[in-house]
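# Residue-level structural notes
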There are 2 protein chains.
Amino acid sequence: MTDTSGATDTSGGRDAESVSKFVESFAAQLVEAGMQRMPARIFAALLSSDEGAMTSVELGEQLRISPAAVSGGVRYLAQQHMVSREREPGSRRERYRVQGNQWYEALTNREAVLKRWESALGEGVTSLGADTPAGRRMAETLAFFEFVDGEIAAMMERWRVHRETRFGGAP
Amino acid sequence: MTDTSGATDTSGGRDAESVSKFVESFAAQLVEAGMQRMPARIFAALLSSDEGAMTSVELGEQLRISPAAVSGGVRYLAQQHMVSREREPGSRRERYRVQGNQWYEALTNREAVLKRWESALGEGVTSLGADTPAGRRMAETLAFFEFVDGEIAAMMERWRVHRETRFGGAP
DNA sequence: CGCTTCTTTCAGAAATTTGTGAAGTTAAGG
DNA sequence: CCTTAACTTCACAAATTTCTGAAAGAAGCG
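Just so it is clear, the structure is predicted and the values come from calculations on it, not from any experiment.

What counts as what
Residues numbered from 1 in each chain as written. Chains lettered and ligands numbered in written order. Predicted model: local features only at pLDDT ≥ 70, side-chain atom pairs only at ≥ 80, totals over all residues. Heavy atoms only, no water. Near = heavy atom within 4 Å. Polar contact = N/O pair within 3.5 Å; in protein donor to acceptor, adjacent residues only side chain to side chain. Helix = DSSP H or I, 4+ residues; strand = E, 2+ residues; numbered from the N terminus. Nonpolar A, V, L, I, M, F, W, Y, C, P; charged D, E, K, R; others polar. Buried < 20%, exposed > 50% of the residue type's maximum accessible area, 1.4 Å probe, protein only. Contact = heavy atoms within 4.5 Å. Least-squares fit on C-alpha atoms with pLDDT ≥ 70 in both. Pairing = 2+ DSSP bridges. 1 Å grid on protein atoms, 1.4 Å probe; cavity = no way out; pocket = protein on both sides within 12 Å on 5 of 7 lines; lining within 4 Å. Points joined across faces, edges and corners; volume = space filled by probe spheres on them. Axes fitted to C-alpha atoms, helices over the stretch in contact; angles between N-to-C directions. pLDDT = per-residue confidence, 0-100.

### Some remarks on the protein's contact with DNA strand C
- Every one of the 20 residues lining DNA strand C counts as a neighbour, but Met38 and Ser66 of chain A together with Ser56, Arg93 and Glu94 of chain B are closest to it.
- In DNA strand C, atoms within 4 Å of the protein come 77% from sugar and phosphate.
- Arg85 of chain B places a side-chain nitrogen or oxygen 3.3 Å from a phosphate oxygen of DNA strand C.
- In this structure, Arg92 of chain B approaches DNA strand C through a side-chain N or O atom, which is 3.3 Å from a base oxygen.
- Secondary structure elements with two or more residues in the surface near DNA strand C: α2 (37-47) and α4 (67-79) of chain A together with α4 (67-79) and β3 (94-97) of chain B.
- Among the elements that make up the surface near DNA strand C, the one with the highest residue count is α4 of chain B (four residues).
- Grouping the amino acids of the surface near DNA strand C by side-chain chemistry returns seven nonpolar, five polar and eight charged.

### Describing the side chain of Glu151 of chain B
- Take Glu151 of chain B: it is sitting in helix α7 (residues 133-167).
- Look at Glu151 of chain B and you get buried, because its relative accessible area is 14%.
- When near neighbours in sequence (up to four residues on either side) are disregarded, Glu151 of chain B contacts Met155 and Arg158 of chain A.

### Considerations on the relation of the copies chain A and chain B
- When chain A is fitted to chain B, the residual RMSD is 0.1 Å, and the transformation amounts to a turn of 180° plus an axial shift of 0.0 Å. Between the two chains, the operation in question is that of a two-fold axis. Ranked by how close their C-alpha atoms come to the rotation axis, the residues of chain A are headed by Gly34 of chain A, at 2.6 Å.
- A symmetric contact is evident, with 100% of the interface residues of chain A recurring at the interface of chain B.

### Details of the environment of Met138 of chain B
- Take Met138 of chain B: it is sitting in helix α7.
- In this structure the C-alpha to C-alpha distance between Met138 of chain B and Leu121 of chain B, which are 17 residues apart in sequence, comes to 6.3 Å.
- Here Met138 of chain B is in contact with Phe22 and Leu47 of chain A together with Leu121, Gly124, Val125 and Leu128 of chain B, once residues within four sequence places are set aside.

### Thoughts on the pairing of β3 of chain B
Residue and element names in this part refer to chain B.
- For strand β1 (residues 53-55) and β3, the ladder comprises three bridges, and the chain directions are antiparallel. Directly across from Met54, in β3, lies its bridge partner Tyr96.
- Two elements, strand β2 (residues 84-87) and β3, share four bridges in a ladder whose sense is antiparallel. Across the sheet, Glu86 pairs through a bridge with Arg95, a residue of β3.

### Regarding empty space enclosed by the protein
- The final tally for this structure, using the stated rule, is one cavity of 30 Å³ or more.
- Looking at the largest cavity, its volume works out to about 30 Å³.
- Surrounding the largest cavity, Glu151, Ile152, Met155 and Arg158 of chain A together with Glu151, Met155 and Arg158 of chain B form its lining.
- Those elements that place two or more of their residues in the lining of the largest cavity are α7 (133-167) of chain A together with α7 of chain B.
- No other element matches the four residues that α7 of chain A contributes to the lining of the largest cavity.
- Among the residues forming the lining of the largest cavity, the class breakdown is three nonpolar, no polar and four charged.

### Details of the sheet that holds β3 of chain B
Residue and element names in this part refer to chain B.
- With antiparallel pairing, the three strands of this open sheet are ordered in space as β1-β3-β2. Each having just a single partner strand, β1 and β2 make up the two edges of the open sheet. Here the strands of the sheet are splayed against their neighbours by 30° on average, with no regard to which way each runs.
- Most of the contacts of helix α3 (residues 56-63) go to β1, to which it runs at about 90°, and overall it touches β1 and β3.

### Quick notes on the protein's contact with DNA strand D
- Neighbouring residues of DNA strand D: 19 residues in total, closest Ser56 and Glu94 of chain A together with Met38, Ser66 and Gly90 of chain B.
- Among all atoms of DNA strand D positioned within 4 Å of the protein, those belonging to sugar or phosphate total 76%.
- A distance of 3.1 Å separates a phosphate oxygen of DNA strand D from a polar side-chain atom of Ser71 of chain A.
- Looking at the surface near DNA strand D, the elements with two or more residues in it are α4 of chain A together with α2 (37-47) and α4 of chain B.
- Among the residues making up the surface near DNA strand D, the classes are represented as five nonpolar, six polar and eight charged.

### Some remarks on the confidence of the model for chain A
Residue and element names in this part refer to chain A.
- Summary statistics for chain A give a mean pLDDT of 88 and a share of 89% for residues scoring 70 or more.
- Model confidence for chain A, summarised as mean pLDDT per element, is weakest for helix α5 (residues 102-108) at 78 and strongest for α2 at 97.
- Per-residue pLDDT stays below 50 along residues 1-6; that stretch engages in zero contacts with residues further than four places along the chain or on separate chains.

Next comes the structure, spelled out in structure tokens:
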């Protein structure tokens, strides 16, 4: 089965090549935005799978990477809550799943990041002096991030509503 | 002047050491969020300067880096619109300035990034087939980013208002 | 015009990051 | 229990990135 003619499916895409093309190009964007290469590729592969889930072996085959690389990449993604791990009961085999909305909730949950920025800025304000020009600038910056923090939560709430009306609210 | 006692200013901070401490710790956060090290450090230094602007030489001295590193870092920051360059007329010496609000407008202007993601996702939808499960998932993701796009603009508008009432609208 | 002062570019050394093979660990199933 | 299938960890080689010194390029100023 190494023929290049009709491939698996000509009707709506889904031949190995067009999937791979998308995976690599989307992963490249994620990399450019600061994600590491392997996590990005793994994530893109999951996103473009029909089930939204793949096993270690499947990932390794599609991306041509070692089990070790899959393991590392998946661990990162799980830590970031961008994928979740499942085990089909009664098998040591794991599947990694991208949970519909879960992942962009995670993406917007730069919350942790924002919190750390805020904390660093707060220290900056006190250590440089709240009454100095630099201190005032940082206090304003801090206020901005606090504002954003709150806004993002509200935005995600609006998204859930918007989504329901547009896609007929899946869970 | 290498004494460690009274330093330059004991009233509100602003001795070289506490500035540097803040700079490095804030830069570290930026790095963790994906920014390269030099740009991050340069940016943090500018942010914590009283004038909000420094020359090449000042940056080099505070951060202990070569002129080449300053040049590279500053170029990156300028491309991202996080700092602007000024020249005091009649001198080849340049100053790099963090423009109050300009920079977080830039930060939220991941607009370019979002656009590229959207375009990649769009290609994904057509290439995988809009009627496949994977295609639908990606279409929804795409919708999410389009939604975010719009929301961010609105959020920044609200911020400007919020800011005026809180800080007495500077330009 | 040529000197001087800044900035930028470039090639390369040093450090860091990345991905792999191989060994190690855990649990399912005989 | 022992075997086997899966995932994880680890040390290291390769690739990439990062920063520097040196040279080159502009632009003010005499």
